[in-house]
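Architecture at a glance
Spelled out, the chains give:
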Amino acid sequence: MCIVIRKAEVKDCPGIFDLITELAIHEKHQDQMKISLEKFREDGFGDDTKFQCFVAECEENGKCIHMEDIYVVPEYRSKGIGSKLIGSVCKVADLQNCGRVQFIVRDSNKSAMKFYKHQGAIDLTEVQEWHLFRLTSDAIEKVAAKYD
Ligand SMILES: CC(C)(COP(=O)(O)OP(=O)(O)OC[C@H]1O[C@@H](n2cnc3c(N)ncnc32)[C@H](O)[C@@H]1OP(=O)(O)O)[C@@H](O)C(=O)NCCC(=O)NCCS
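Computed from a predicted model, the values in this text were never measured in an experiment.

Conventions and cut-offs
Residues numbered from 1 in each chain as written. Predicted model: local features only at pLDDT ≥ 70, side-chain atom pairs only at ≥ 80, totals over all residues. Heavy atoms only, no water. Helix = DSSP H or I, 4+ residues; strand = E, 2+ residues; numbered from the N terminus. Rg over C-alpha atoms; globule rule 2.2 N^0.38 Å. Buried < 20%, exposed > 50% of the residue type's maximum accessible area, 1.4 Å probe, protein only. Contact = heavy atoms within 4.5 Å. Areas by Shrake-Rupley, 256 points an atom, 1.4 Å probe, with all protein chains shown as cover. Lys, Arg positive; Asp, Glu negative; His and termini not counted. Charge placed at Lys NZ, Arg CZ, Asp CG, Glu CD. Patch = residues over 30% accessible without salt bridge, like charges linked within 9 Å, V, L, I, M, F, W, Y side chains within 5 Å. Salt bridge = Lys/Arg side-chain N within 4 Å of Asp/Glu carboxyl O.

Side note on the overall build of the protein
A count of helical and extended segments in the protein gives six helices and four strands. Taken over the C-alpha trace, the protein has a radius of gyration of 24 Å; the compact-globule value for 148 residues is 15 Å, which it surpasses by more than 25%. Oriented by its inertia axes, the alpha-carbon framework of the protein measures out at about 70 × 50 × 30 Å. The proportion of buried residues among the 148 residues of the protein is 15%. Look at the contacts in the protein between residues 6 or more apart in sequence, and 62% of them connect residues 24 or more apart. Accessible surface for the protein amounts to roughly 12,600 Å². Of this, 54% is attributable to carbon and sulfur atoms. Across the protein, 21 positive and 25 negative side-chain charges occur, with their mean positions spaced 7 Å apart.

Here it is as structure tokens:
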């Protein structure tokens, strides 16, 4: 997780306003909170600014490694080789500051799924209902043509 502290911008107003409300509730003085979001925005970012504000933002690391085709021949399986292979990919991810290592698995390959889960991977289809979509040559051409 990467936290960045920066000066607040006008787009942050609704979020900051929610946080001020949360703080007021936490301190049990929400009845004293009279300011509206519009007034808050004007006071902070209008012509005559009355306050400055900083926010702490959590930057999701978007860099990702896509891993393809991990394979260990049957007679060498269960000897820790698969772990070492995926481990070396994760080492690169770590060094290159990638937030994700991801891969796709056929639904029928339950054995590989167990292996990945054993490594701590989460199944996004199971947990977040993601579906993998793909454009192939004809569709790529069609979509690309729209931007010619
Ligand atoms: C998946 C594959 C790469 C795993 O390689 P491997 O060398 O056998 O795995 P490892 O020996 O490093 O196993 C690491 C751990 O995962 C566990 N594990 C491996 N395969 C497992 C399985 N099918 N079910 C449950 N656990 C499994 C091991 O028990 C081991 O646990 P431990 O660290 O507590 O001892 C290998 O089985 C393979 O090549 N399978 C066929 C190809 C394939 O399906 N590739 C994936 C395509 S998406």
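Some points on a nonpolar patch on the surface
Together, Tyr71, Val73, Tyr76, Ile81 and Leu85 make up a nonpolar patch on the protein surface, roughly 470 Å² of accessible area in all. With respect to the element layout, leucine 85 can be found in helix H3 (residues 81-95). Note on leucine 85: relative accessible area 37%, which makes it partly exposed.

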